[in-house]
Amino acid sequence: QVQLVESGGGLVQPGGSLRLSCAASGSIVSPNTMGWYRQAPGEQRELVATSTSFGSTKYGDSVKGRFTISRDNAKNTVYLQMNSLKPEDTAVYYCKWTRDSILSYWGQGTQVTVSS
């Protein structure tokens, strides 16, 4: 199994920044994809950003140009740098680890609230 531990969420004002971290441990195999998804109350979980073992990235349309995903493979950690935060970014952010859609694991989620 893969265990994912997230950190970095919190309350931030509009226009502010947060940096989320997700550390993976356990049976880490490659290739794999790590990414961030978010879900607001009453809404479906949506893609924020993903990153493959090779560094290929993909972003949801709503965060392009504002968020940056990065990986430290030596630490099995993925980061999400969130800039220019908007109230609509408020959600629970979940880290996901997957291998070719065969094995998938989710973190516990971390709350991000953007409000004045």
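The structure displayed is predicted, hence computed values, not measured ones. (Residues numbered from 1 in each chain as written. Predicted model: local features only at pLDDT ≥ 70, side-chain atom pairs only at ≥ 80, totals over all residues. Heavy atoms only, no water.)

1. Quick look at the sheet that holds strand β3 (residues 18-26)
What links the strands of a sheet is backbone hydrogen bonding, and the strands pair in either a parallel or an antiparallel sense. Within the open sheet, the four strands sit side by side as β1-β3-β8-β7. Their pairing is antiparallel. Each edge of the open sheet carries a strand with a single partner, namely β1 (2-7) and β7 (67-72). Sheet twist, expressed as the mean angle between neighbouring strand axes with direction ignored, is 15°. (Pairing = 2+ DSSP bridges. Helix = DSSP H or I, 4+ residues; strand = E, 2+ residues; numbered from the N terminus. Axes fitted to C-alpha atoms, helices over the stretch in contact; angles between N-to-C directions.)

2. Remarks on the packing of aromatic side chains
The tally for this structure, following the rule as stated, stands at three aromatic pairs. Consider the rings of Tyr94 and Trp106, whose centres lie 6.4 Å apart with planes at 85°: the pair is edge-to-face. A residue pair is termed long-range when its members are at least 10 positions apart, and Tyr94 in strand β9 (residues 91-99) and Trp106 in strand β10 (residues 103-106) qualify at 12 residues. Taking relative accessible area as the criterion, Tyr94 reaches 16% and is therefore assigned buried. Residue classification places Trp106 among the partly exposed positions, given a relative accessible area of 37%. (Phe/Tyr/Trp six-rings, centres within 6.5 Å; stacked < 30°, edge-to-face > 60°. Buried < 20%, exposed > 50% of the residue type's maximum accessible area, 1.4 Å probe, protein only.)

3. Some words on the nonpolar core
If you look at the biggest cluster of nonpolar residues, it comprises 25 residues, and the most contacted ones within it are Trp36, Leu80, Met82 and Tyr93. Taken together, the elements giving at least two residues each to this core come down to β1, β3, β4 (33-39), β5 (46-52), β7, β8 (77-82), β9 and β11 (110-114). (Core = buried A, V, L, I, M, F, W, Y, C linked by side-chain atoms within 4.5 Å.)

4. Observations concerning the pattern of salt bridges
What the rule picks out here adds up to four salt bridges. For the salt bridge of Arg38 with Asp89, the shortest nitrogen-to-oxygen distance reads 2.9 Å. In this pair, Arg38 sits in strand β4 while Asp89 sits in the loop between β8 and β9, placing the two residues 51 residues apart along the sequence. Note on Asp89: relative accessible area 0%, which makes it buried. With a shortest N-O distance of 3.1 Å, Asp61 and Lys64 are connected by a salt bridge. In this structure, Asp61 and Lys64 share a single accessibility class: exposed. Within the structure, one salt-bridge network assembled from shared partners comprises Arg38, Glu46, Arg66 and Asp89. (Salt bridge = Lys/Arg side-chain N within 4 Å of Asp/Glu carboxyl O.)

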